[in-house]
Amino acid sequence: EAVVFDDDASGLPATTSYLFDEDETLIAVAGSAVTDTPTVVRQHLRPLSDRPRPYATRGISYLPVFRRCRLLIVGGGHVGQAVANLAADLDFEIWVTDRADIISETRFPKASSRIPGPVEKVLPDVEITPDTYCLIVTRGHNHDEEALYYLAERGAAYVELLVNKRTITMIVEDLLEHGISPEAIDRVHAPVGIDI
């Protein structure tokens, strides 16, 4: 949404607001009979893909609204639990999957979805959207590989794995043999985290 607050700086009537969709197409105008996007509004519009914070320029406030991102955590151990708490505080929608006793409400109070069951039964049916981030932190590299098999080609925004470099090499070789595309493997982040 772009809201005019200074008519002198913008050259537009104050309190006029313009609502855009995620493709920057104007979908509504309030407070004005104009139905096209004025140049001064369009030239300062930042793409939502850049995830800009709210900003103001030339007497116009730009108020981006993003879809809430989902974090799917595969593995409910201490790493998954700690990441779930941090991510919930950053306004991620938290989904976690593992055995029912491990992903209890007591251990994952901020999770909006707790999906009990083995990887091969749960992950094929879990909804993965372009706004889904996946963290694989299971209790062993066999489970990690199986989880990655079900997630690598599903179109998630991000897939990462908590493994060492030697293990990821073995997992990648196996997944390539099982038909996972090299392009999907190239999008996987492993080992997890930032290279420091």
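What you are looking at is a predicted structure, and each value in this text was computed from that prediction instead of being measured.

For this particular structure, what's the right way to read unusual backbone geometry?
Backbone geometry follows two general trends: most residues other than glycine have a negative phi, and most peptide bonds adopt the trans configuration. Residue Pro 191 follows Ala 190 across a cis peptide bond; omega there is -5°. With respect to the helices and strands, the residue Pro 191 is situated in the segment after strand 11 (188-189). In this structure, Arg 51 takes a positive phi of about 50° despite not being glycine. By the element assignment, Arg 51 lies in the loop between helix 2 (39-42) and strand 4 (55-57). Taking the relative accessible area as the measure of exposure, Arg 51 reaches 44% and is therefore partly exposed. In this structure, Asp 91 is a non-glycine residue whose phi angle is positive, near 75°. Here Asp 91 lies in the loop between helix 3 (78-89) and strand 7 (93-98).

Is there a simple way to explain the sheet that holds strand 3 (residues 26-30) in this structure?
Consider a sheet: its strands pair through backbone hydrogen bonds, and that pairing is either parallel or antiparallel. Taken in spatial order, the 5 strands of this open sheet run 3-2-1-5-4, and their pairing is antiparallel. With one partner strand each, in any of the chains shown, strand 3 and strand 4 form the two edges of the open sheet. For this sheet the average axis-to-axis angle between neighbouring strands, irrespective of direction, equals 20°. With 2 bridges connecting them, strand 1 (residues 2-4) and strand 2 (residues 17-20) associate as antiparallel partners. Residue pairing in the sheet places Val 3 in a bridge with Ser 17 of strand 2.

Is there a simple way to explain the environment of Val 159 in this structure?
Locating Val 159 in the fold gives a position in strand 10 (residues 158-161). Taking the C-alpha atoms as reference points, Val 159 and Cys 134, separated by 25 residues in sequence, lie 4.6 Å from one another. Ignoring anything within four residues of it in the chain, the contact list for Val 159 reads Cys 134, Ile 136, Leu 148, Leu 151, Arg 187, Val 188 and His 189.

So what exactly am I meant to see when it comes to the sheet that holds strand 11 here?
Strands sit in the order 8-7-6-9-10-11 across an open sheet of 6 strands; the sheet is parallel. In this open sheet, the two edge strands, each paired with only one partner strand, are strand 8 (113-116) and strand 11. Two elements, strand 7 and strand 8, share 4 bridges in a ladder whose sense is parallel. From the neighbouring strand, Thr 97 faces strand 8, where its bridge partner is Ile 115. Taken strand by strand, helix 3 contacts strand 6 (70-74), strand 7 and strand 9 (132-136), and its axis lies near 175° from that of strand 6.

Got a minute to help me understand the packing of helix 5 (residues 141-151) against helix 6 (residues 165-177) in this structure?
Helix-helix packing is characterised by the crossing angle of the two axes and by the distance between the axes. Two numbers describe how helix 5 lies on helix 6: the axes approach to 10 Å, and their chain directions differ by 45°. As the angle between them shows, helix 5 and helix 6 are arranged oblique. Both helix 5 and helix 6 take part in a crossing whose hand is right-handed. Counted together, His 141, Asp 144, Glu 145, Leu 148 and Tyr 149 of helix 5 and Thr 167, Met 170, Ile 171, Asp 174 and Leu 175 of helix 6 form the full contact between these two elements. The residue makeup of the contact of helix 5 with helix 6, split by class, is 5 nonpolar, 2 polar and 3 charged.

Rules used in this analysis
Residues numbered from 1 in each chain as written. Predicted model: local features only at pLDDT ≥ 70, side-chain atom pairs only at ≥ 80, totals over all residues. Heavy atoms only, no water. Helix = DSSP H or I, 4+ residues; strand = E, 2+ residues; numbered from the N terminus. Buried < 20%, exposed > 50% of the residue type's maximum accessible area, 1.4 Å probe, protein only. Pairing = 2+ DSSP bridges. Axes fitted to C-alpha atoms, helices over the stretch in contact; angles between N-to-C directions. Contact = heavy atoms within 4.5 Å. Parallel < 35°, antiparallel > 145°, perpendicular 65-115°, else oblique. Left-handed = near helix turned anticlockwise from the far one by under 90°. Nonpolar A, V, L, I, M, F, W, Y, C, P; charged D, E, K, R; others polar.

This is a description of form; function is not addressed.
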